[in-house]
Amino acid sequence: MRSGTRLTLLSLVGVIAAPLARADAPISFAGPWSASPLTTSWSIGDWGDACGPKPTGTLERGGTVTIQQVGGDLVVSGLGRSYDTSSCWEPLPGLLRTSHSTGARTWRTTCKSPAGDPRQSSLVTSITALDDNTLAFDETGQYQFVIKGQNCTASARRSRAFRRIVAGAPAPTSAPTATQAAAPLPAASAPPPEESSKTEEGSKSVNAACRSPGPPARIEVRPSHKLMRPGDSFAFRAQVADARGCTLGIVPAFRFDNAPEGVSITSNGKVTVSEGAPDSEAQVVAAVGSRSVKAAVTVVSRERFDSMLAQGGFDPSGASKDAAVARFESAGVGARGTVLKDDSGRKRAIFVGVVGATALALGIVGLVLVGRSRRRSAAGKPEARPASGPTVASRPPTVCPTCRDEYPPETQFCPKDGNRVVPLERGTAVGPAGSVCPVCGQGYDPGVSVCPKHDEPLVPPAVFGRTMNTGETRKICPVCGAQYGGESQFCGTCGAALVPVN
């Protein structure tokens, strides 16, 4: 009896331990995977003119990649680059890895800029296995730069999903329950064999199509309107799908369009209303790249909450029954990673070309007018010249086409913005002022709207608002050696940028 009991116990231990051992066995993630498009969304903080153009959301194409397991990390190869989970995704120069952790289903890496770097960046990159056939990639970045005394702060989030490619895998089917198996359906309700085969074929084709999803076609947020009371919290649900309705696994970034008092929202869409928050309206924005969809949040008192529910249109929790939907335009997502703006590159090139042609035409007209003015002045004066040549007093003063400041006749360039000055004709109407590049400070004639050096939109001189360093009492031209006061930026003789006198 004792021997038989021991055998029975050993058998039970083996039956229980076998599935546990299989559950603890490491899972291999090596092989081909389908990567969804990589979406990047930005949240801008302080951003002055010196920071340059504001970053915008992007959407990089997806496709097939190969994953290898090297040690405890994953190596993802394909789509034009190779990525190792022991590093961060964005390859910023000078970025240092500060921490790295691996697990059976999680890889997490933190990277930061050195302490002395004026461009501080902090990245947290992670890949998580949601199941044996799905990986979720997520990277959050915090950036803080100081350019010309102006703070430039922004945060970014990058996300994509990986799905394992299984060759010849059958479409999943739902197994009947014990009750359904015991009680067969009446013959009248059973579909004919032809319709049953068609349904199975359609299901298989849909599942096969979603194994290789297409580019994003729509963003959906549920609900489109939510009633909330002080002390409530609620998480909006969002999904991004392709044109066939296949979910892509892209996570939109949530924010408020107008943040009301006492209401906060997280990047994954959880809204929290503090106790004592006043009645207010807020717009919730779910963004993927530069495409977004808006939902509404209404904060009301508990008494108004019940009365608004009684009017209809909301479920007992205060959520509307419809969804907010935004569709991508097909031309906005190409085969390459692009900013979600239709034909932005082509339009920008056309714009720069038109501006350049206009500036050239204005320059030619200005030269013609200046030549005529000089010829008229010469015709009205006697031919006799002193032996030392023309005196400065006989020439008219000059004016800067950008800032409209006047200078002596011998000045050739504006010391403030470096633009070439033109003779000032007294008695004529004063034309419009030009504009200044916010990056280099160079001035340009009226009609020019983009700096040809930095491709930056120009701003009026008054908006540019330079702040001079009062500690620099003298400056010198590195070309001709002329010296100027600390308020000057360019040489009035040759137009070169001035440097401080040591």
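Everything numeric in this text was worked out from a predicted model, so none of it was measured.

Trainee: A description of the overall build of the protein should follow, citing residues and the corresponding values.
Mentor: Summing up its helical and strand segments, the protein has 6 helices and 30 strands in all. Here the protein holds 502 residues, and 33% of them are scored as buried. Look at the contacts in the protein between residues 6 or more apart in sequence, and 54% of them connect residues 24 or more apart.

Trainee: Describe the packing of aromatic side chains, listing the residues and the values that go with them.
Mentor: All told, the structure shown has 7 aromatic pairs when counted by the stated rule. Ring centres of Phe 29 and Trp 107 lie 5.8 Å apart, and the angle between their planes is 85 degrees; this geometry places the pair in the edge-to-face category. With Phe 29 in the loop between helix H1 (2-24) and strand E1 (31-35) and Trp 107 in strand E8 (residues 106-112), this pair connects stretches of sequence that are 78 residues apart. We note that Phe 29, like Trp 107, is buried. Between Tyr 83 and Phe 137 the ring centres are 6.0 Å apart and the planes differ by 85 degrees, which places this aromatic pair in the edge-to-face class. In this pair, Tyr 83 sits in strand E6 (residues 81-84) while Phe 137 sits in strand E10 (residues 134-147), placing the two residues 54 residues apart along the sequence. Judged by relative accessible area, Tyr 83 falls into the buried class, the value being 5%. Note on Phe 137: relative accessible area 4%, which makes it buried.

Trainee: If you had to explain the nonpolar core to someone new, which residues and values would you point to?
Mentor: Ranked by internal contacts, the top residues of the largest apolar core, which has 25 residues, are Val 221, Phe 236, Val 284, Val 293 and Val 297. Among the secondary structure elements, those contributing two or more residues to this core are strand E12 (218-222), strand E16 (253-256), strand E18 (270-273), strand E19 (280-288), strand E20 (291-299) and strand E21 (324-327). The next biggest cluster of nonpolar side chains, apart from the first, holds 16 residues, and it includes Trp 33, Trp 107, Ala 129 and Phe 137.

Trainee: Break down the pairing of strand E5 (residues 73-78) for me, citing the residues and quoting the values.
Mentor: Across 5 bridges, strand E4 (residues 63-70) lies against E5 in antiparallel orientation. Bridge pairing in E5 links Gln 68 to Val 75. Between E4 and E5, which pair antiparallel one after the other, the connecting turn spans 2 residues, and Gly 71 there sits at a positive phi close to 65 degrees. Summarising the sheet, E5 and E6 pair through 4 bridges and their orientation is antiparallel. Looking at E6, one finds that Val 76 is bridged to Tyr 83.

Trainee: An account of the state of the cysteines is requested, with residue identities and associated values reported.
Mentor: Put plainly, a disulfide is one covalent bond tying together the sulfur atoms of two cysteines. Considering all chains together, one arrives at 2 disulfides under this definition. Residue Cys 51 pairs covalently with Cys 152 via a disulfide, S to S 1.9 Å. Its S-S torsion of about -85 degrees marks the bond between Cys 51 and Cys 152 as left-handed, since a negative value means left-handed. Placement of Cys 51 in the loop between strand E2 (38-47) and strand E3 (58-60) and of Cys 152 in strand E11 (residues 150-164) is noted, with a sequence separation of 101 residues between them. For the pair Cys 51 and Cys 152, one class covers both residues: buried. The disulfide bridge from Cys 88 ends at Cys 111, spanning 2.2 Å between sulfur atoms. The sign of the 105 degrees torsion about the S-S bond sets the Cys 88-Cys 111 disulfide as right-handed.

Trainee: Tell me about the side chain of Thr 402, residues and numbers included.
Mentor: Its location among the elements puts Thr 402 in the loop between strand E23 (398-399) and strand E24 (406-407). Accessibility expressed as a relative area gives 0% for Thr 402, which makes it buried. Residues contacting Thr 402, with those up to four places away along its chain left out, are Asp 417, Asn 419, Ala 433, Gly 434, Ser 435, Val 436, Gly 443, Tyr 444, Asp 445 and Pro 461.

Trainee: Account for the sheet that holds E19, naming residues and giving values.
Mentor: Spatially, E13-E20-E19-E16 is the arrangement adopted by the 4 strands of the open sheet, whose pairing is mixed. Two strands lie at the open edges of the sheet, namely strand E13 (225-228) and E16, each paired on one side alone. Along the sheet, successive strands turn relative to each other by an average axial angle of 25 degrees, direction set aside. One ladder, built from 9 bridges, connects E19 with E20; its direction is antiparallel. Within the sheet, the bridge partner assigned to Glu 281 lies in E20 and is Thr 298.

Trainee: Lay out the sheet that holds E12 with the relevant residues and their values.
Mentor: Read from one edge of the open sheet, 3 strands run E15-E12-E21, paired in antiparallel fashion. With one partner strand each, in any of the chains shown, strand E15 (237-241) and E21 form the two edges of the open sheet. Averaged over all adjacent pairs, the angle separating strand axes in this sheet is 15 degrees, with direction ignored. Relative to E15, E12 runs antiparallel, the two being bridged by 5 bridges.

Trainee: Before we move on, can you summarise a nonpolar patch on the surface with the specific residues and values?
Mentor: A surface patch of nonpolar side chains, about 270 Å² in accessible area, is lined by Leu 360, Ile 364 and Val 368. Here Leu 360 lies in helix H5 (residues 344-379).

Trainee: Provide a residue-level description of the side chain of Glu 456, including the pertinent values.
Mentor: Following the sequence through the fold, Glu 456 ends up in the loop between strand E27 (443-444) and helix H6 (461-464). Not counting residues up to four positions away in its chain, the partners in contact with Glu 456 are Asp 49, Gly 52, Pro 53, Cys 437, Pro 438, Val 439, Ser 449, Val 450 and Cys 451.

Trainee: Which residues make up the confidence of the model for the protein, and what are the values?
Mentor: Averaged over all residues, the pLDDT of the protein is 76; the fraction at 70 or higher stands at 74%. A low-confidence stretch, residues 170-196 stays under pLDDT 50, and its non-local contacts, those more than four residues away or across chains, total 6 contacts. Residue range residues 466-472 is modelled with pLDDT below 50. Its contacts to residues more than four positions away, or to other chains, number 10 contacts.

What counts and what doesn't
- Residues numbered from 1 in each chain as written.
- Predicted model: local features only at pLDDT ≥ 70, side-chain atom pairs only at ≥ 80, totals over all residues.
- Heavy atoms only, no water.
- Helix = DSSP H or I, 4+ residues; strand = E, 2+ residues; numbered from the N terminus.
- Buried < 20%, exposed > 50% of the residue type's maximum accessible area, 1.4 Å probe, protein only.
- Contact = heavy atoms within 4.5 Å.
- Phe/Tyr/Trp six-rings, centres within 6.5 Å; stacked < 30°, edge-to-face > 60°.
- Core = buried A, V, L, I, M, F, W, Y, C linked by side-chain atoms within 4.5 Å.
- Pairing = 2+ DSSP bridges.
- Disulfide = S-S within 2.5 Å.
- Axes fitted to C-alpha atoms, helices over the stretch in contact; angles between N-to-C directions.
- Patch = residues over 30% accessible without salt bridge, like charges linked within 9 Å, V, L, I, M, F, W, Y side chains within 5 Å.
- Areas by Shrake-Rupley, 256 points an atom, 1.4 Å probe, with all protein chains shown as cover.
- Salt bridge = Lys/Arg side-chain N within 4 Å of Asp/Glu carboxyl O.
- pLDDT = per-residue confidence, 0-100.

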